[in-house]
Amino acid sequence: MVLAVDLNADMGESFGPWVMGNDAALLEVVSSANVACGMHAGDWDTMGLTMSMAAKNNVGIGAHPGFADLQGFGRNRMTLPLNSLANLVRYQLGAAQAIARSVGAKVRHLKLHGALANMASEDKQMALACYRAALDVDPDLIIMVLAGTQQNAAVKDLQCRTACEIFADRAYNDDATLVDRSLPGAVIHDPDRAGQRMLEMVKAGAIITESGTHIPTRIDTICLHGDTPTAVNIAQSVRGRLEASGVVIGQFAGQPFVAD
């Protein structure tokens, strides 16, 4: 059986004259792009440019909604009523769809950002509120989830199109959540280490935590964050290591989970 996996990156995070990351270089490596929608990062011009470049590189486009937290880059935890949270997701997805259409492309997936994603990985009801809101707008949308978390549990209930994600540059706790960024070793900057650990996880079909615990999971896509100094090098290392071992890189199909 041939192993295949998608590579995705969070991008479109520049704001006005402030440039964040090297999106043009990343778009030559990845197969899917999660584009910030202007709340935690990005703006309308950045969205348009990023989506245009993604379309020219045949990279799948995703909406990447987060909390309204430009100062904190969407990493501050916030408490919102679930109906307000749903509208926050719909608002950002709608903006992404409009910009994508303007450049002759479409939004094929959605991935939550930052603190919103971390909270939804712990709280199934919060994840369900976000995903139902997105599917209200587009029932065929592929929902990208943190593999093994409450996000994963939510899409199993919804039976929607799904892509299960692991992270190349983030360390894992034993419950499949990400180690808090404030802790030492939470973010991985070494391209060689990132490439090797992704190859090990894809071959094992499991998340490998900091303690060495294996959490079996479906792996459809690997995230390569675009806002770290070694982002492009990590992306190149992960792709090179996988392809050298016979793993095929390509956009995820978004298969729903089979009902239990």
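About the criteria used
- Residues numbered from 1 in each chain as written.
- Predicted model: local features only at pLDDT ≥ 70, side-chain atom pairs only at ≥ 80, totals over all residues.
- Heavy atoms only, no water.
- Core = buried A, V, L, I, M, F, W, Y, C linked by side-chain atoms within 4.5 Å.
- Buried < 20%, exposed > 50% of the residue type's maximum accessible area, 1.4 Å probe, protein only.
- Contact = heavy atoms within 4.5 Å.
- Helix = DSSP H or I, 4+ residues; strand = E, 2+ residues; numbered from the N terminus.
- Phe/Tyr/Trp six-rings, centres within 6.5 Å; stacked < 30°, edge-to-face > 60°.
- Lys NZ or Arg CZ within 6 Å of the ring centre and 35° of its normal.
- Pairing = 2+ DSSP bridges.
- Axes fitted to C-alpha atoms, helices over the stretch in contact; angles between N-to-C directions.
- Parallel < 35°, antiparallel > 145°, perpendicular 65-115°, else oblique.
- Nonpolar A, V, L, I, M, F, W, Y, C, P; charged D, E, K, R; others polar.
- Patch = residues over 30% accessible without salt bridge, like charges linked within 9 Å, V, L, I, M, F, W, Y side chains within 5 Å.
- Areas by Shrake-Rupley, 256 points an atom, 1.4 Å probe, with all protein chains shown as cover.
- Salt bridge = Lys/Arg side-chain N within 4 Å of Asp/Glu carboxyl O.

(A) Local environment of the nonpolar core. One finds Leu110, Tyr131, Ile143, Ile222, Val238 and Leu242 to be the most contacted residues of the largest nonpolar core, which totals 79 residues. In contact with isoleucine 143, other than residues within four places in its own chain, are Leu110, Tyr131, Ala134, Leu135, Val155, Cys160, Arg161, Thr162 and Ala163.

(B) Representation of the environment of glycine 42 in the model. Within the secondary structure layout, glycine 42 lies in the loop between strand 2 (32-36) and helix 2 (44-56). Look at glycine 42 and you get buried, because its relative accessible area is 1%. Residues glycine 42 and phenylalanine 73, spaced 31 residues apart in sequence, show a C-alpha to C-alpha distance of 9.9 Å. Ignoring any residue separated from it by four or fewer positions in sequence, one finds glycine 42 in contact with Gly12, Glu13, Ser14, Phe15 and Ala36.

(C) Here's a closer look at the packing of aromatic side chains. A full pass over the atoms with the stated rule returns 0 aromatic pairs. Lying across the ring of phenylalanine 257, lysine 156 places its NZ or CZ 5.2 Å from the centre. If you follow arginine 218 out to its NZ or CZ, it ends over the ring of phenylalanine 257, 4.5 Å from the centre.

(D) Structural view of the pairing of strand 3 (residues 60-64). The element strand 3 is largely enclosed, with a buried count of 5 among its 5 residues. A two-sided burial pattern is seen for strand 3, the buried positions comprising Gly60, Gly62 and His64 on one face and Ile61 and Ala63 on the other. By the bridge criterion, 5 bridges tie strand 2 to strand 3 in an arrangement that is parallel. Within strand 3, the residue paired with alanine 33 across the bridge is isoleucine 61.

(E) View of the packing of helix 4 (residues 114-122) against helix 5 (residues 124-137). One can describe the packing of helix 4 onto helix 5 by two numbers: an axis separation of 5 Å at closest approach and a directional angle of 125°. Comparing the axis directions of helix 4 and helix 5 gives the class oblique. Judged by residue contacts, Leu116, Met119, Ala120 and Glu122 of helix 4 engage Lys124, Met126, Ala127 and Cys130 from helix 5. Here the residues of the contact of helix 4 with helix 5 are counted per class, giving 6 nonpolar, no polar and 2 charged.

(F) Molecular detail of a nonpolar patch on the surface. A surface patch of nonpolar side chains, amounting to about 300 Å² of accessible area, comprises Phe15, Trp18 and Leu70. Structurally, the position occupied by tryptophan 18 is in the loop between strand 1 (4-11) and helix 1 (23-26). A relative accessible area of 45% places tryptophan 18 in the partly exposed class.

(G) Local environment of the environment of glutamine 125. The residue glutamine 125 is located in helix 5 in this model. Given a relative accessible area of 47%, glutamine 125 falls into the partly exposed group. Spatially, the C-alpha atoms of glutamine 125 and alanine 154 are 7.7 Å apart, while their sequence positions differ by 29 residues.

(H) Here's a closer look at the pattern of salt bridges. Considering all chains together, one arrives at 8 salt bridges under this definition. With a closest N to O distance of 2.9 Å, aspartate 10 and lysine 111 form a salt bridge. On the criterion of sequence distance, the pair formed by aspartate 10 in strand 1 and lysine 111 in strand 4 (residues 107-111) is long-range, its members being 101 residues apart. What makes aspartate 10 buried here is its relative accessible area of 4%. Classification of lysine 111 as buried rests on a relative accessible area of 2%. For arginine 193, the salt bridge identified is with glutamate 210, shortest N-O distance 3.8 Å. With arginine 193 in helix 7 (residues 191-204) and glutamate 210 in the loop between strand 7 (206-208) and strand 8 (214-216), this pair connects stretches of sequence that are 17 residues apart. Given a relative accessible area of 40%, arginine 193 falls into the partly exposed group. The exposure class of glutamate 210 is partly exposed, given its relative accessible area of 46%. Connected through salt bridges with shared partners, the residues Asp10, Lys111 and Glu165 form a single ionic network.

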